[in-house]
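Here is how the chains run, residue by residue.
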2 protein chains.
Amino acid sequence: MKIVIIGAAGMIGARLARRIAADGRLNGRDVERLILADAVPPSVPDGWDDRCETHVLDIGEPGAAEPFAKGRPDVVFHLAAIVSGEAEADFAKGYRVNLDGTRALFDAIREENARSGHVPRVVFASSIAVFGAPFPASIPDDFALTPLTSYGTQKAIGELLLADYTRRGFMDGIGLRLPTICIRPGRPNKAASGFFSNILREPLRGEPAVLPVSEDVRHFFASPSAAVEFFLHAAAIDGASVGPRRNISLPGLSATVGDEIAALERVAGPEASALIRREPDETIRGIVAGWAPDVEASRARALGFRADASFDDIIRAHLAETGSMGSDASG
Amino acid sequence: MKIVIIGAAGMIGARLARRIAADGRLNGRDVERLILADAVPPSVPDGWDDRCETHVLDIGEPGAAEPFAKGRPDVVFHLAAIVSGEAEADFAKGYRVNLDGTRALFDAIREENARSGHVPRVVFASSIAVFGAPFPASIPDDFALTPLTSYGTQKAIGELLLADYTRRGFMDGIGLRLPTICIRPGRPNKAASGFFSNILREPLRGEPAVLPVSEDVRHFFASPSAAVEFFLHAAAIDGASVGPRRNISLPGLSATVGDEIAALERVAGPEASALIRREPDETIRGIVAGWAPDVEASRARALGFRADASFDDIIRAHLAETGSMGSDASG
């Protein structure tokens, strides 16, 4: 089969590409061709030089999506997006890439469907940013889309297009509202949600980390591995069992910041948790207070999507991937 | 003040124009200029030749909306749309007019806002077609948008854009999800919802009408006058009291077909109701079974939107407007 990943240089997209390449199969069929696209050059997975093509492009540019649709891929993973902060800072760019780019991709698939009748599975990365406060402590599957950011608005519009293009038979789409990813790889950044990862990742390599909120803050999470599993599962799922509501709130591991720290201490010892410095930040506290503590995700669970089992497992998997615990926390 | 109505030749748009012209005022201020646009020529209200301009245009054409935004109107009523059946039959046309046209109007307003800081009130005609079955018997205000038509999808996207452009401060939008209009003027048509009006309007002029569903079918309604009141109220309402959720499910008069017929008999006598012929139609029954019996509309009621009081009143108002009861029913 032929697989396209748009956004293949991103945190999840790159992992997804490596995983599909390593498996060599998807949905029980051999993968013959892997087509990776992003705004920056995607990496070719090991041993795939002959079967992988990479493209550097701006999905928001007219015509950019057409070649991918014309190649009649079996599965298209669409993860490309201008992230929340940038979509808020640059209104036109966010709408051009996140709305026009997504619509152009879906329209290219529609046009290929008109030519050849080809109906690819399309897995679209949406976000819990489609929800906006106030909401209940656990957001039900049939809760209103009331985004409070332009990014959330663009993702909600992408969801609506995906559902309508699927209902029309142009494609077979599944939209995934991902939980907050934790532990994010890389270095600490300024994102308001960064501390959820920072307070684990940095101590695990012996570095200090700042906690700007209190330990009773609750949120829900998916490890990078769980996120990849979600995309693979969405590619394999029977569309008929999903019905017309094609956009699915995914289950996360519900945990407080205190739960995270307790897991860190169990896995890496008190030396690790001692590296967390409490520095309350009212701005971040306010932003985080507007986020959903959890989603019900009843439909996703019924469809076989599974959350991580524990933060202990998430931390152990992170350590297994990154190699060592760092000198301070390894004792 | 200066008022723009886009869709001013339609059933509600034309009534709204006549009403504003007759009042001569809106929100306690004199109306100096009335700008009416539609795909077919709008009528100039009586006595408004000097203060009313009309435009014939396709809102889906690039640049069509710009002049209206540049004129810095105080209020823009946007009712122009390709209707449900046509948007389903002609995919590209529905998206071009209902999505691209709406977005182009909002973008033209955004661009004028960037130039001059002008922030008009924008009242957008949305629809209960943004909801799709299954839903509870009375749809709550925070229910998911899961449209099952392209028209409903395009209206839901318009709602999301309106909320985001308002949150950004480019305009001050209110989206109205209107109940089914009854009694629709004109002749019987093939729309699945047509019978709700036909079984009143036709007997009231002494003509027979066909009832394709059983008398226990429940739905919710607004008279054309109530719909006009909704638009006027939305133009006057304090945006701050609405908050970030700018799209509002409006209250309707909840009634069964049997309630309609009983009201017809009370107002126009058994000769009128005897003109209704029962001809069960499984297709129409099936379509109507997928519609919402009612919406909660708690927010709309709290904001002062009011449903019609009774079908008796709706029928009397229709008679007062159309003149006579027709020979057969006048006895």
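As the structure is a prediction and not an experimental result, all values here were calculated from the model. Residue positions are counted from 1 within each chain, in the order its sequence is given. Think of it this way: whatever chain is written first is A, whatever ligand is written first is 1, and the rest follow in order. A pLDDT threshold of at least 70 governs which residues receive local features in this predicted model, and a stricter bar of 80 or more applies before side-chain atom pairs are shown or counted, although totals over entire chains, interfaces and linings include all residues. As a convention, hydrogens and water are excluded, and side-chain values are obtained from all of the structure's heavy atoms.

The number of helices and strands found in chain A is 13 helices and 16 strands. Here the C-alpha atoms of chain A give a radius of gyration of 20 Å, agreeing with the 20 Å that 2.2 N^0.38 yields for 331 residues. Reported as C-alpha extents along the three principal axes, the dimensions of chain A are approximately 60 × 45 × 40 Å. Whether two residues are in contact is decided by their heavy atoms, any of which lying within 4.5 Å being enough. The long-range share in chain A, meaning contacts at least 24 apart out of those at least 6 apart in sequence, stands at 75%. For the accessible areas, the method is Shrake-Rupley and the probe is 1.4 Å, while residue cover comes only from the protein chains on display. Accessible area of chain A: about 12,900 Å², with a carbon and sulfur share of 51%. Positive charges come from Lys and Arg alone, negative charges from Asp and Glu alone, with His and the N- and C-terminal ends not counted. The atoms used to mark charge sites are NZ of Lys, CZ of Arg, CG of Asp and CD of Glu. In chain A, which carries 36 positive and 44 negative side-chain charges, the distance between the mean positions of the two groups comes to 4 Å. A run of H or I in DSSP becomes a helix once it reaches four residues, and a run of E becomes a strand once it reaches two; helices and strands are each numbered from the N terminus. The size measure is the radius of gyration over C-alpha atoms, and the globule rule it meets is 2.2 Å times the number of residues to the 0.38 power.

A side chain with one charge can pair with a side chain of the opposite charge if their charged atoms come near. Any Lys or Arg side-chain nitrogen located within 4 Å of an Asp or Glu carboxyl oxygen qualifies as a salt bridge. Per the stated rule, a full pass over the model turns up 56 salt bridges over all chains. Between Arg-29 of chain A and Asp-74 of chain A there is a salt bridge whose closest N-O contact spans 3.5 Å. Taken together, the residues Arg-29 of chain A in strand E3 (residues 29–30) and Asp-74 of chain A in the loop between helix H2 (66–70) and strand E6 (75–78) connect sequence positions 45 residues apart. For Glu-229 of chain B, the salt bridge is made with Arg-19 of chain B, and the minimal N-O distance between the two is 2.6 Å. One end of the pair, Glu-229 of chain B, is in helix H7 (residues 224–236); the other, Arg-19 of chain B, is in helix H1 (residues 11–23), with 210 residues separating them in the sequence. Three labels apply to residues, based on accessible area from a 1.4 Å probe with only protein chains included: buried if under 20% of the type maximum, exposed if over 50%, partly exposed otherwise in between. The class for Arg-19 of chain B is partly exposed, based on a relative accessible area of 28%. Connected through shared salt-bridge partners, Glu-88 of chain A together with Asp-164, Arg-167 and Arg-168 of chain B make up one network.

Here we take up the relation of the copies chain B and chain A. Fitting of the copies onto one another was done by least squares over C-alpha atoms, counting residues only where both copies have pLDDT of at least 70. With an RMSD of 0.0 Å, chain B superimposes on chain A once it is rotated by 180 degrees and translated 0.0 Å along the axis. Both chain copies can therefore be described as sitting about a two-fold axis. In terms of proximity to the rotation axis, the leading residue of chain B is Ala-144 of chain B, whose C-alpha is 1.9 Å off the axis. An overlap of 100% is found between the interface residues of chain B and their copies at the interface of chain A, pointing to a shared contact surface.

What follows deals with the interface of chain B and chain A. Counting residues at the interface gives 33 residues for chain B, matched by 33 residues for chain A. Accessible-area loss on putting two parts together, using a 1.4 Å probe and summing over both, is the definition of buried area adopted here. When chain B packs against chain A, close to 2,800 Å² is buried across both sides, 56% of that on carbon and sulfur atoms. Among the residues chain B hides against chain A, the three largest losses belong to Phe-91, Leu-160 and Arg-245 of chain B. Together they make up 23% of the total. Any N or O atom pair separated by 3.5 Å or less is treated as a polar contact, with the protein-specific requirement of one donor-capable and one acceptor-capable atom, and with residues adjacent in sequence counted only for side-chain atom pairs. Summed over the shared surface of chain B and chain A, the number is 26 residue pairs in polar contact (both at pLDDT 80 or more). Among the elements of the structure, helix H3 (84–89), helix H4 (91–116) and helix H5 (150–167) of chain B are those that each provide at least two residues to the side of chain B that touches chain A.

What follows concerns the UniProt feature "domain: NAD-dependent epimerase/dehydratase" (unreviewed entry) in chain A. UniProt positions are given in the numbering used here, feature names are shortened, and annotations may be inferred rather than shown by experiment. If you check UniProt for "domain: NAD-dependent epimerase/dehydratase" (unreviewed entry), the listed places come out as residues 3–211 of chain A in our numbering. Taken end to end, residues 3–211 of chain A is 38% helix and 21% strand, and its two terminal C-alpha atoms sit 40 Å from one another.

Two strands pair if DSSP finds at least two bridges between them. Spatially, the 3 strands line up as an open sheet ordered E10-E12-E14 (chain B), and their pairing is mixed. The open sheet is flanked by strand E10 (180–181) and strand E14 (253–256) of chain B, the only strands paired with a single partner.

Below, the discussion takes up helix H5 (residues 150–167) of chain A. An α-helical turn contains 3.6 residues, so a residue and the one three or four places further along point in the same direction. Residue count minus one, scaled by 1.5 Å, sets the expected span of a helix. Helix length check: H5 of chain A (18 residues) gives 26 Å between terminal C-alpha atoms against 26 Å at 1.5 Å per residue, within 8%. Within H5 of chain A, 17 of the 18 residues are buried, leaving the element largely enclosed by the surrounding structure.

Another aspect to go through is the sheet that holds strand E1 (residues 2–6) of chain B. All names here are of chain B. As summarised here, the arrangement of the 7 strands in space is E5-E4-E1-E6-E7-E9-E13, forming an open sheet in which the pairing is parallel. Two strands in the sheet have a free side with no partner beyond their single neighbour: strand E5 (52–56) and strand E13 (247–249). Sheet twist, expressed as the average angle between the axes of neighbouring strands with direction ignored, equals 15 degrees. Examined bridge by bridge, E1 and strand E6 (residues 75–78) share 4 bridges and lie parallel to one another. The residue bridging Ile-5 from the neighbouring strand is Phe-77, located in E6. To obtain each axis, a line is fitted to C-alpha atoms, and for helices this fit is confined to the stretch in contact; angles are then taken between N-to-C directions over 0 to 180 degrees.

For our purposes a nonpolar core is just a set of buried Ala, Val, Leu, Ile, Met, Phe, Trp, Tyr and Cys residues, chained together by side-chain atoms within 4.5 Å. With 168 residues, the main nonpolar core has Ile-5 and Phe-77 of chain A together with Ile-5 and Phe-77 of chain B as its most contacted residues. In this view, Ile-5 of chain B contacts Gly-13, Leu-16, Ala-17, Ile-20, Leu-34, Ile-35, Leu-36, Ala-37, Phe-77 and Leu-79 of chain B; residues no more than four positions away in its chain are not counted.

A word on helix H7 (residues 224–236) of chain A. Look at H7 of chain A: 19 Å from first C-alpha to last across 13 residues, which is about the 18 Å you get at 1.5 Å a residue. Taken together, the buried positions of H7 of chain A are occupied by Pro-224, Ala-226, Ala-227, Val-228, Phe-230, Phe-231, Leu-232, Ala-234 and Ala-235 of chain A.

What follows is about the packing of helix H4 (residues 91–116) of chain A against H4 of chain B. Axis separation between H4 of chain A and H4 of chain B bottoms out at 15 Å; the angle between their running directions is 175 degrees. One way to sum up the angle between H4 of chain A and H4 of chain B is to call them roughly antiparallel. Only Phe-91, Tyr-95, Leu-99, Asp-100, Arg-103, Asp-107 and Arg-110 of chain B of H4 of chain B make contact with H4 of chain A, whose side of the interface consists of Phe-91, Tyr-95, Leu-99, Asp-100, Arg-103, Asp-107 and Arg-110 of chain A. A breakdown of the residues in the contact of H4 of chain A with H4 of chain B according to their chemical character gives 6 nonpolar, no polar and 8 charged. When an angle is under 35 degrees it counts as roughly parallel; over 145 it counts as roughly antiparallel; between 65 and 115 it counts as roughly perpendicular; any other value is oblique. Classification used: nonpolar for Ala, Val, Leu, Ile, Met, Phe, Trp, Tyr, Cys and Pro, charged for Asp, Glu, Lys and Arg, polar for all others including Gly.

Paired rings are identified among Phe, Tyr and Trp, the last through its six-membered ring, by centres lying within 6.5 Å, and are further divided according to the angle between planes into stacked (under 30 degrees), edge-to-face (over 60) and tilted (the rest). Overall, the coordinates contain 26 aromatic pairs over all chains when judged by the stated rule. A centroid spacing of 6.3 Å and a plane angle of 65 degrees characterise the contact between Phe-77 of chain A and Phe-231 of chain A, whose relative ring orientation is edge-to-face. With a gap of 154 residues between them, Phe-77 of chain A in strand E6 and Phe-231 of chain A in helix H7 connect regions that are remote in the sequence. We note that Phe-77 of chain A, like Phe-231 of chain A, is buried. With 6.2 Å between their ring centres and 80 degrees between their planes, Phe-106 of chain A and Phe-124 of chain A make a pair best called edge-to-face. In this pair, Phe-106 of chain A sits in helix H4 while Phe-124 of chain A sits in strand E7 (residues 121–127), placing the two residues 18 residues apart along the sequence. A relative accessible area of 0% means that Phe-106 of chain A is categorised as buried. These aromatic residues form a ring-pair network of at least three members: Phe-91 and Tyr-95 of chain A together with Phe-106, Phe-124, Tyr-165 and Phe-170 of chain B. In our convention, an over-ring charge means Lys NZ or Arg CZ found within 6 Å of a ring centre and within 35 degrees of that ring's normal. The side chain of Arg-110 of chain A reaches across the aromatic face of Phe-170 of chain A, ending 6.0 Å from its centre.

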